[in-house]
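Structure at a glance
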Amino acid sequence: MSHDTQVTELMGRNYLINQLLAAGIEVAVPVRDHGVDLVAYLDVETIAEGYSARPIQIKASSAQAFSIDKKYARFPHLILAYIWNLRSSEKVVIYGLDYEDALSVAKKMGYLETKSWAKGKYTTTAPSAKLKKLLQPYEMNEKKWAATLKEF
């Protein structure tokens, strides 16, 4: 069977939507993709303070991949959701980083010193143990999603 990136993206989006809904978070899917794949939000019935929303850009992978692109710097409070291991439902993991955190990880990895980054983006499909350790604090679950959204 050939690798279909659209199917991987759909699987990742659905996995993330399910995790957000299980956390009591509402989800909206933009009609057009201009850098935001989902909007996750808590409405006035969910939190006493009012309404809180975060845009999400999904980076889904059937295996493991980390990427960062300068174009996402223009979206305030954007969460980059790296969804790994979609080939094996028991091993799926989601890392949720805002752009500044992803940039910090990329800097610690030396990715910002590459020719690829000079052109505007960097991608690795073979994350090292060091990268995985740097991403570990950003592993998401239902509680962490709710806390992330309540910050805004």
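Heads up: these notes are all about the structure in this document. Position numbers for residues count from 1 along each chain, tracking the sequence in the order it is written. It should be noted that, the model being predicted, local features are given only for residues of pLDDT at least 70 and side-chain atom pairs only at 80 or more, the latter also being counted only at that level, while totals for whole chains, interfaces and linings use all residues. Note that water and hydrogens are dropped before the side-chain values are worked out from all heavy atoms of the structure.

1. Some words on helix α1 (residues 5-22)
Counting along an α-helix, one turn takes 3.6 residues, and residues three or four places apart therefore face a common direction. Runs of E in the DSSP output that reach at least two residues are strands. Runs of H or I that reach at least four are helices, and both are numbered from the N terminus. Expected helix span is given by 1.5 Å per residue-to-residue step, counting one fewer step than there are residues. End to end, α1 covers 26 Å across 18 residues, agreeing with the expected 26 Å (1.5 Å per residue, within 8%). Categorising residues by exposure relies on relative accessible area from a 1.4 Å probe, with only protein chains included: less than 20% of the type maximum marks a residue as buried, more than 50% marks it as exposed, and the intermediate range marks it as partly exposed. Taken as a whole, α1 has its buried residues at Thr-8, Gly-12, Leu-16, Ile-17, Gln-19 and Leu-20. Down the axis, α1 shows its buried residues gathered within 165° of arc, on one side only. Of the residues in α1, the exposed ones pointing more than 90 degrees away from the buried face are Gln-6 and Asn-18. Of the surrounding secondary structure, the elements contacted by the buried residues of α1 are β1 (26-28), β2 (38-42), β3 (52-60), β5 (79-84), β6 (93-98) and α5 (142-150). Residue Gly-24 follows α1 closely and has a positive phi angle near 80°. Arc definition: directions from the helix axis to the C-beta atoms. Any two residues whose heavy atoms approach within 4.5 Å at even a single point are treated as in contact.

2. Examining the sheet that holds β1
Only strands that DSSP links by at least two bridges are regarded as paired with each other. The 5 strands are arranged β1-β2-β3-β5-β6 in an open sheet whose pairing can be described as mixed. The sheet terminates laterally at β1 and β6, the two strands that pair on one side only. Within this sheet the neighbouring strands show an average axis-to-axis angle of 30°, counted without direction. Alignment of β5 against β6, held across 6 bridges, turns out to be antiparallel. Note that in β6 the partner of Ala-81 across the bridge is Gly-96. Interaxial angles span 0 to 180 degrees and are taken between N-to-C directions of axes, which are lines fitted to C-alpha atoms, for helices over the stretch in contact.

3. Concerning the packing of aromatic side chains
How two aromatic rings sit relative to each other is given by the distance of their centres and the angle of their planes. Pairing of aromatic side chains requires ring centres within 6.5 Å, counting the rings of Phe and Tyr and the six-membered ring of Trp. Pairs whose planes differ by under 30 degrees are stacked, by over 60 edge-to-face, and all others tilted. Under the defined criterion, the tally for this structure stands at 5 aromatic pairs. Residues Phe-66 and Tyr-82 carry aromatic rings whose centres are separated by 4.9 Å and whose planes lie at 25° to one another, so their mutual orientation is stacked. One end of the pair, Phe-66, is in strand β4 (residues 66-69); the other, Tyr-82, is in strand β5, with 16 residues separating them in the sequence. Taken individually, Phe-66 and Tyr-82 each receive the classification buried, so the pair is uniform in this respect. Ring geometry for Phe-66 and Tyr-111: centres 6.2 Å apart, planes at 40°, overall tilted. Pair noted here: Phe-66 is in strand β4 and Tyr-111 is in the loop between α2 (99-109) and α3 (115-118), with a separation of 45 residues, a long-range link. Just as Phe-66 is buried, Tyr-111 falls in that class too. Chaining the aromatic ring pairs together yields one cluster made of Phe-66, Tyr-82, Tyr-111 and Tyr-122.

4. A look at the environment of Met-109
Looking at the secondary structure, you find Met-109 in helix α2. The spatial distance from the C-alpha of Met-109 to the C-alpha of Trp-145 is 25 Å, given a sequence separation of 36 residues.

5. Some words on the nonpolar core
If you look at soluble globular proteins, the nonpolar side chains tend to sit buried side by side. Only buried residues count toward a nonpolar core, which is a set of Ala, Val, Leu, Ile, Met, Phe, Trp, Tyr and Cys residues joined through side-chain atoms within 4.5 Å. Membership of the largest hydrophobic core comes to 22 residues, with the highest contact counts inside it found for Phe-66, Tyr-82 and Leu-135. Of all the secondary structure elements, the ones that give two or more residues to this core are β4, β5, β6, α2 and α4 (129-135). A total of 5 residues in this core trace back to one element, the largest contributor, which is α2. The contacts of Tyr-82, once residues within four sequence positions are left out, are Lys-59, Ala-65, Phe-66, Ser-67, Val-93, Ile-94, Tyr-95, Leu-97 and Ala-102. Core analysis: the second largest hydrophobic core is formed by 19 residues, Ile-17, Leu-38, Ala-40 and Val-92 among them.

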